[in-house]
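Residues per chain are reported as follows:
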Amino acid sequence: MAFNISISCFSFYFLLLSSFSFVCFSLSTVSIAQTSNQTLVCVLTNQSYLQCSSFPLNSIRFPLNDNLRNRKFSGVVSGNGFVCGLRSQLGSNTSNSTLVCWRFSVNGTNMSYKRIYKGLELDEVEAGNSRICGVERVSRRLHCWQTSTDQPKLENVDNIAIGDNFLCGLSQSSGKVSCAEDGIVKEPRGNRYIAIAAGSKQVCAITVDNDVECWGQHTQSPPSEKFSKLAVGENRSCGVRWSDGRVLCWGNNNSFSLPQMLEEIYFASIYAKGPIFCGVAKNNYTLYCWGSEDFESGVFVPFQGQDSQVVLPGPCRKECPYGPLSGSESLCRNKLIICDSKRNDGGVANSKNKTWTTRNIAFLVVGCVGTCSLLIVISFLVYKSHCRCRVHDSGRLDDNRIIEKPKLDKRLSSLASLGNPSQLIEFSIEELAQATDCFSVRFRLGIGSFGSVYRAILSDGRHVAIKRAELTNPTCTGTIMRHRREDKDSAFVNELESMSRLNHKNLVRLMGFYEDTEERVLVYEYMENGSLSDHLHNPRFNPLTWQTRLKIALDAARGIHYLHEFVVPPVIHRDIKSSNILLNATWTAKVSDFGLSQMGPTDEEDLSHLSLRAAGTLGYIDPEYYRLQQLTTKSDVYSFGVVLLELLSGNKAIHKNEDENPINVVEYVVPYILKGEIHRALDRRIPPPTPYEIEAVAQLGYLAVDCLIPCGRERPSMAEVVSSLEKTLAVCLAAPKTKTVSRSNTY
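Residues numbered from 1 in each chain as written. Predicted model: local features only at pLDDT ≥ 70, side-chain atom pairs only at ≥ 80, totals over all residues. Heavy atoms only, no water.

Looking at an unreviewed UniProt entry, one finds the protein named non-specific serine/threonine protein kinase and attributed to Cardamine amara subsp. amara. For the record of the protein, the UniProt heading Subcellular location (unreviewed entry) holds the text "Membrane". (UniProt positions renumbered as here; feature names shortened; annotations may be inferred.)

Below, the structure is given as structure tokens:
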């Protein structure tokens, strides 16, 4: 096993060192915006300050308010009539990014400022003429703003390129390019790529051999040169030549070329928007722009005469695979550096230095052998100390564990007789540990019934949620520790037993598991939009509309209905709450966390309930179940009624009232519903319901009251709840009707 991992790690490093002749670092430090016949160029200067200049000079005044004047940015992008700056704040456990934008009118006045994003760190931001997109650093999730279309369906991309009506993404791990939306004439040829750039109608990419390929509309064949950098504009492109760092341009029916005065300048980076190109000189970090017929002598130097305005040739980074760009160490702050994109100097080298001598070959062979040996040793140590990721010392098994293991094995073996567990994948702990950086806290999403839940991307690119049990606790000993382990083992097997035989679009899908003496891990599909609780109670999230709330309620009810009436034996969830209702990318709600679930009696059994110690979450537990310790499916109905009140009021199950005293949402909302004054208890973060929405909201309130009836036998079944919610949603979607609401039309 260790040898295989070492070989795999060696293959990865060998591929990195040999196949990739340069690494494409995201985040641009130069942006170009146009409106009418005016051009605005914004850059990050030394120490990462944002500075802008326009052509004609001072035609567009770009004021920074006092709050942002001395702030430092990590990237800048622009489009037609707007400029956006990215700021990243590094924390101890997580990093956050803020994206702010300025929009300006045709005459360069009426600047408006707006923050369009604040959340998890973005390490890639790109803009087309009208929209902006970014990629989260950890999850690789794609966000887009200023777009009238749905979010593009691109996953696991590292670099993006945006045109007028398309978006393409590059995965650095696979070297593949994928595109979304219309406007691309053909897809890439299937080569491996290391960089991508787009204009309004076409896309170009650099292959691992440093060749350039283009596709789309109005494409023109690129020259047969090797390139290390690439910029694509409107029917024209430019690239930094690999051999010497000089720029070569082509396109516009062979009429576009680099101005003569720039031909002998070596460039560290280049950028484009529309017809305009800009590049940062490698020797003194001066910015030159070209491509407009209005530029005097064909070249515009935005910050000419401003000696202090040194333009960053690339984003500041913590570390670089090929070392820092020569002479750029002083440009960043906090010991950050700007990365060189090549293993060797991009300037002119004489032939003597490139000659392969016997001595060169000998050094190469010795270096390769030494590197291989070192990588194998390192990989073995990683396997022993990191990949297995044993947070707690397994040590010697004590007597309690020796007794417990056969009990767990017996329950696991009985799982084969339930459903079709062969559909589940038995993952390796090495793969799961690698995907979560050894279950790092920065990947943690929350805590479930038997352990912590982590977001991860598997080696095949699938996004998953990983639930891992914390089986031992140094502060617990003896009987306490044994009981806690037994509880977690029981929750693990409960969830595995339940989920292995469940298949419904409104239940979170279990993909696989891992189990041994020290580990209990379950792997689920990843739910991109988090939990219902997040959207109801976390002020960072935009409040849900009434229509969306009703749809979520119906989705969750259908999932619970399936558990109660379509599974044999039926499953009682026992922990229905808003944090266990998750939302995927299309806002479909799914019920999750079956660690406390129990199999209910079958039709053939003569039992009306199960006698069990009450379990669940405070505020959601059925009072009858808690008092009598008699579990039925109606206990889930009660908990679902509490969720309905959360949807109506926006309050948590237990929250503080105006006097800062804790109060149950049932005590707060139900009296208003019974008095016909539901409007006094509705969530005030969203506009009041329209006349036809208020009818649906009133019906939802009456349904919630019915679910919360103290006597379980008098509560509706989940089949009746689903039927009522279907009618309620139909009312919300229908045209306004003039009729009163009564308890009789609840279901």
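The discussion continues.
If you had to explain the packing of aromatic side chains to someone new, which residues and values would you point to?
The full count for this structure, using the stated rule, is 13 aromatic pairs. With a centroid separation of 6.2 Å and 15 degrees between ring planes, the pair formed by Phe-277 and Trp-290 is classed as stacked. In this pair, Phe-277 sits in strand 21 (residues 276-281) while Trp-290 sits in strand 22 (residues 287-290), placing the two residues 13 residues apart along the sequence. Each member of the pair, Phe-277 as well as Trp-290, is classed as buried. By way of ring pairs, the aromatic residues Phe-256, Phe-267, Phe-277, Tyr-288 and Trp-290 are connected into one cluster. Arg-236 extends its terminal NZ or CZ atom over the ring of Phe-256, reaching a point 4.4 Å from the ring centre. (Phe/Tyr/Trp six-rings, centres within 6.5 Å; stacked < 30°, edge-to-face > 60°. Helix = DSSP H or I, 4+ residues; strand = E, 2+ residues; numbered from the N terminus. Buried < 20%, exposed > 50% of the residue type's maximum accessible area, 1.4 Å probe, protein only. Lys NZ or Arg CZ within 6 Å of the ring centre and 35° of its normal.)

So what's going on with the side chain of Asn-664? Residues and values would help.
Relative to the helices and strands, Asn-664 is located in strand 39 (residues 662-664). Looking at Asn-664, the relative accessible area reads 18%, which means it is buried. Beyond its immediate sequence surroundings of up to four residues, Asn-664 is in contact with Gly-619, Ala-653, Ile-654 and His-655. (Contact = heavy atoms within 4.5 Å.)

Give a detailed account of the sheet that holds strand 14 (residues 193-198), specifying residues and quantitative values.
Strand order in this open sheet of three strands is 14-15-16, and the pairing throughout is antiparallel. Unpaired on one side and paired on the other, strand 14 and strand 16 (212-216) mark the two borders of the sheet. In this sheet, neighbouring strand axes are inclined to one another by 20 degrees on average, regardless of whether the strands run parallel or antiparallel. (Pairing = 2+ DSSP bridges. Axes fitted to C-alpha atoms, helices over the stretch in contact; angles between N-to-C directions.)

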